[in-house]
Amino acid sequence: ITKKEFIYATKNIPNIKFLPLQDSKDINEWLNLGDIHIVPQKRAVENLVFPSKLLGILASGNPVISNTTSESELGKIVEQAGIRVDPEDKNGFIDGLNKLINNEKLRLSLGHRGREIAENSFCKEKVLDEFNNLITHSLKTEVYYQ
C-alpha cells in the first residue's frame, strides 16, 4: 500500500493525522507522543537499511510493530521490543497491532524493554567504545590491497 492509499483508507479515522515533514529538533517530542510505533519495511531493502528513527522509537519507551524477517537486524530488535510479523503477513500485522492496542500491560512491558535496549546497547559511550575497538583492531591488522 502506498502512502497516498493509506491516507485515503484512513481518512475517516479521527485519531489518525498526517502532518507535513516536521523540524528535526522536535523529533524526540514527536516520538514520545505515540503509543505504538509502526515501522513498515520492504523485504527487498530490510538488510540494506536500518530505520534511522528506530533508536528514538526505542528510547521513547513505546513498543514497535514491524513487518520484517526475523533474520534482519530490525527483526531481531523488534522481537524484543515489540511485535514482528513477516513482510507479507497483512493479517498478522493487523492482529499484532490489535494485540498492542488492547493490551496495555504488554504495550508498557515491550516499551520498557525497548528503552532498556536503547540505553544499554546504543548509548553514546557504548557505541563510541565499540567504534574505538573496531578502529584499534583494524590498525593492528595488516591489510593488503592489490
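See the structure shown above.
Residues numbered from 1 in each chain as written. Predicted model: local features only at pLDDT ≥ 70, side-chain atom pairs only at ≥ 80, totals over all residues. Heavy atoms only, no water.

K.L.:
Go over the packing of aromatic side chains with me, naming the residues and quoting the values.
P.N.:
Enumeration according to the criterion identifies one aromatic pair in this entry. Between Phe6 and Phe18, the ring centres sit 5.7 Å apart and the planes meet at 85 degrees, which makes this aromatic pair edge-to-face. Here Phe18 lies in the loop between helix H1 (3–9) and helix H2 (27–33) and Phe6 lies in helix H1, a separation of twelve residues in the sequence. With relative accessibility at 35%, the residue Phe6 sits in the partly exposed group. Take Phe18: its relative accessible area is 36%, and that puts it in the partly exposed class. (Phe/Tyr/Trp six-rings, centres within 6.5 Å; stacked < 30°, edge-to-face > 60°. Helix = DSSP H or I, 4+ residues; strand = E, 2+ residues; numbered from the N terminus. Buried < 20%, exposed > 50% of the residue type's maximum accessible area, 1.4 Å probe, protein only.)

K.L.:
An account of the environment of Lys53 is needed here, citing residue identities and associated values.
P.N.:
Structurally, Lys53 can be placed in the loop between strand S1 (37–39) and helix H3 (54–59). You can call Lys53 partly exposed: its relative accessible area is 45%. Through-space distance from the C-alpha of Lys53 to that of Lys4 is 21 Å; in sequence the pair is 49 residues apart. Among residues more than four places away in sequence, those in contact with Lys53 are Ile27 and Leu31. (Contact = heavy atoms within 4.5 Å.)

K.L.:
Please give an account of the side chain of Arg107 that cites residues and values.
P.N.:
By secondary structure assignment, the location of Arg107 is in helix H6 (residues 104–121). Glu104 provides the closest opposite charge to the buried, salt-bridge-free Arg107, at an N-O distance of 4.5 Å. Looking at Arg107, its side chain comes within polar contact range of the main-chain oxygen of Ile101, at 3.0 Å. Apart from residues lying up to four places away in sequence, Arg107 is in contact with Asp35, Ile36, Pro63, Leu100, Ile101 and Asn102. (Lys, Arg positive; Asp, Glu negative; His and termini not counted. Salt bridge = Lys/Arg side-chain N within 4 Å of Asp/Glu carboxyl O. Polar contact = N/O pair within 3.5 Å; in protein donor to acceptor, adjacent residues only side chain to side chain.)

K.L.:
Describe a nonpolar patch on the surface, and please don't skip the residues or the numbers.
P.N.:
Together, Ile1, Phe6, Ile7, Ile13, Ile16 and Phe18 make up a nonpolar patch on the protein surface, roughly 520 Å² of accessible area in all. Examined against the element boundaries, Ile16 turns out to sit in the loop between H1 and H2. (Patch = residues over 30% accessible without salt bridge, like charges linked within 9 Å, V, L, I, M, F, W, Y side chains within 5 Å. Areas by Shrake-Rupley, 256 points an atom, 1.4 Å probe, with all protein chains shown as cover.)

K.L.:
Any chance you could break down the sheet that holds S1 for me, citing the residues and the numbers?
P.N.:
Read from one edge of the open sheet, three strands run S1-S2-S3, paired in parallel fashion. Each having just a single partner strand, S1 and strand S3 (82–85) make up the two edges of the open sheet. Averaged over all pairs of adjacent strands, the angle between strand axes in this sheet comes to 15 degrees, irrespective of strand direction. Two elements, strand S2 (residues 64–67) and S3, share four bridges in a ladder whose sense is parallel. Residue pairing across strands places Ser66 opposite Arg84, the latter belonging to S3. Here helix H5 (residues 90–102) sits on the sheet and contacts S1, S2 and S3; the angle it forms with S2, its principal contact strand, is near 175 degrees. (Pairing = 2+ DSSP bridges. Axes fitted to C-alpha atoms, helices over the stretch in contact; angles between N-to-C directions.)

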